[in-house]
Amino acid sequence: MEMKKRINLELRNRAPEKVTELVLDNCRSSNGEIEGLNDSFKELEFLSMANVELTSLAKLPTLSKLRKLELSDNIISGGLEVLAERCPNLTYLNLSGNKIKDLGTVEALQNLKNLKSLDLFNCEITNLEDYRDSIFELLQQITYLDGFDQEDNEAPDSEDDDDEEGDEDDDDEDEDEAGPPGEYEEEDDEDDGGSDLGEGEEEEEVGLSYLMKEEIQDEDDDDDYVEEGGDEEEEEGTEHAEGIRGEKRKRDPEDEGEEEDD
């Protein structure tokens, strides 16, 4: 697909001034030059034109808000001064896999005052002796060259940085929801107490309860004893009365006989 058609497809009826990111990788440029881009893309911050057979940046429009520019795997060998004129606020530039051979070509990037990261990987210039030291000395504004700083520390991934910031925000929210540390622990301790009595008072209360229980049991035993004794006395009284009545019944006929004899 040609670059111009690809741009129209990427727009999808959007106005160019509303576009902040544009990816045109692997499409065909017109005669090795940029085609279809113009100054109306004034809000563009990220532009990628990897492997589009570019040989020149002469037709690059003015993109004053552009921060990141991907130009890897093209056929660019010079003309980099256009970048400082048209994209003065670049912070990231990827020129890996192009035809850049000498320091003189890279020297044009000195006017990109905000440039922090430059990638020249797989360019012939990387074969120069003291390549890295020379580039860092030539472009003192950059921090990372081919993904590493002067102490060979790897450049952070911007996406990872965003994730870490997001995680920190989530942690802060969790802490806010949880409240100050120790708040709930104190409430739990108060609930666990159950009573305001001390250990000694609790033991005394238990002892009193035990004594009261023994007294109640003793009273119940006494009542049982009295009831049983009463029953026995009542039974003895009943037997005695029955015995007397029996004697009277035995004696009555005799008494009657004696009375008759008299």
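Since the model is a prediction, treat every value here as computed from it, not as a measurement.

Enquirer: Please explain the overall build of the chain as it appears in this structure.
Expert: For the chain, the helix and strand inventory stands at seven helices and six strands. Secondary structure elements in the chain, listed N-terminal to C-terminal, are α-β-β-β-α-β-α-β-α-β-α-α-α. The buried share of the chain, taken over its 262 residues, is 26%. Of the contacts formed within the chain by residues at least 6 apart in sequence, a portion of 50% connects residues at least 24 apart. About 18,300 Å² of surface is accessible on the chain, with carbon and sulfur atoms providing 40% of the total.

Enquirer: I'm lost on the pattern of salt bridges in this one. Help?
Expert: Working definition: two side chains of opposite charge can pair if their charged atoms are close together. Tallied over the entire structure, the rule returns three salt bridges. Between Glu 10 and Arg 6 there is a salt bridge whose closest N-O contact spans 3.3 Å. With a gap of four residues between them, Glu 10 and Arg 6 both fall in helix 1 (residues 3-11), about one helical turn apart. Assessed through its relative accessible area of 23%, Glu 10 is described here as partly exposed. Notably, a salt bridge pairs Lys 59 with Glu 33, separated by 3.1 Å at the nearest N-O pair. Separated by 26 residues along the polypeptide, Lys 59 in the loop between strand 2 (46-48) and strand 3 (68-70) and Glu 33 in the loop between strand 1 (21-23) and strand 2 bring together distant segments of the chain.

Enquirer: Would you mind going over helix 4 (residues 131-138) with me for this structure?
Expert: Within helix 4, the full set of buried residues consists of Tyr 131, Ile 135 and Phe 136. Viewed along the axis of helix 4, the buried residues span an arc of 125 degrees, placing them on a single side of the element. In this structure, helix 4 carries Asp 133 and Glu 137 as exposed residues pointing more than 90 degrees from its buried face. Tucked into the core, helix 4 has its buried residues touching helix 3 (103-106) and strand 6 (144-145).

Enquirer: Whenever I open this one, the environment of Cys 123 confuses me. Can you help?
Expert: Summarising the element assignment, Cys 123 is placed in the loop between strand 5 (117-119) and helix 4. Judged by relative accessible area, Cys 123 falls into the buried class, the value being 3%. Separated by 27 residues in the primary sequence, Cys 123 and Ser 96 have C-alpha atoms spaced 6.0 Å apart. With sequence-adjacent residues up to four places away left out, Cys 123 is seen in contact with Leu 95, Ser 96, Gly 97, Asn 98 and Ile 100.

Enquirer: I keep staring at a negative patch on the surface and nothing clicks. Help me out?
Expert: Judged by side-chain charge, Glu 129, Asp 130, Asp 133 and Glu 137 come together as a negatively charged surface patch. Relative to the helices and strands, Asp 130 resides in the loop between strand 5 and helix 4.

Enquirer: Teacher, can you tell me more about the environment of Leu 109 here?
Expert: One can find Leu 109 in the loop between helix 3 and strand 5. Residue classification places Leu 109 among the buried residues on the basis of a relative accessible area of 0%. A sequence separation of 30 residues divides Leu 109 from Leu 139, and the C-alpha atoms of the two residues are 7.4 Å apart. Once residues lying within four places of it in the same chain are set aside, the contact partners of Leu 109 are Leu 80, Leu 83, Leu 93, Leu 118, Leu 139 and Gln 141.

Enquirer: Looking at this structure, how should I read the side chain of Ser 48?
Expert: Of note, Ser 48 is situated in strand 2. Setting aside anything within four residues of it in sequence, one finds Ser 48 in contact with Leu 22, Val 23, Leu 24, Asp 25 and Glu 70.

Enquirer: Looking at this structure, how should I read the nonpolar core?
Expert: Among soluble globular proteins, nonpolar side chains are generally buried collectively. In terms of nonpolar packing, the biggest core is built from 46 residues, with Leu 47, Met 49, Leu 83 and Leu 120 touching the most fellow members. Those elements that place two or more of their residues in this core are helix 1, helix 2 (81-86) and helix 4. For Leu 47, the contacting residues outside a window of four places in its chain are Leu 22, Leu 24, Leu 37, Leu 60, Leu 63, Leu 66, Lys 68, Leu 69 and Glu 70.

Enquirer: How should I be thinking about the sheet that holds strand 1 in this particular structure?
Expert: Where strands meet in a sheet, backbone hydrogen bonds hold them as pairs that are either parallel or antiparallel. With respect to topology, six strands assemble into an open sheet ordered 1-2-3-4-5-6, the strand pairing being parallel. Of all strands in the sheet, those with a lone pairing partner are strand 1 and strand 6, marking the two edges. Both strand 3 and strand 4 (residues 92-94) contribute to a ladder of three bridges, which runs parallel. By the bridge assignment, Glu 70 is partnered in strand 4 with Asn 94.

Conventions and cut-offs
- Residues numbered from 1 in each chain as written.
- Predicted model: local features only at pLDDT ≥ 70, side-chain atom pairs only at ≥ 80, totals over all residues.
- Heavy atoms only, no water.
- Helix = DSSP H or I, 4+ residues; strand = E, 2+ residues; numbered from the N terminus.
- Buried < 20%, exposed > 50% of the residue type's maximum accessible area, 1.4 Å probe, protein only.
- Contact = heavy atoms within 4.5 Å.
- Areas by Shrake-Rupley, 256 points an atom, 1.4 Å probe, with all protein chains shown as cover.
- Salt bridge = Lys/Arg side-chain N within 4 Å of Asp/Glu carboxyl O.
- Arc of directions from axis to C-beta.
- Patch = residues over 30% accessible without salt bridge, like charges linked within 9 Å, V, L, I, M, F, W, Y side chains within 5 Å.
- Lys, Arg positive; Asp, Glu negative; His and termini not counted.
- Charge placed at Lys NZ, Arg CZ, Asp CG, Glu CD.
- Core = buried A, V, L, I, M, F, W, Y, C linked by side-chain atoms within 4.5 Å.
- Pairing = 2+ DSSP bridges.

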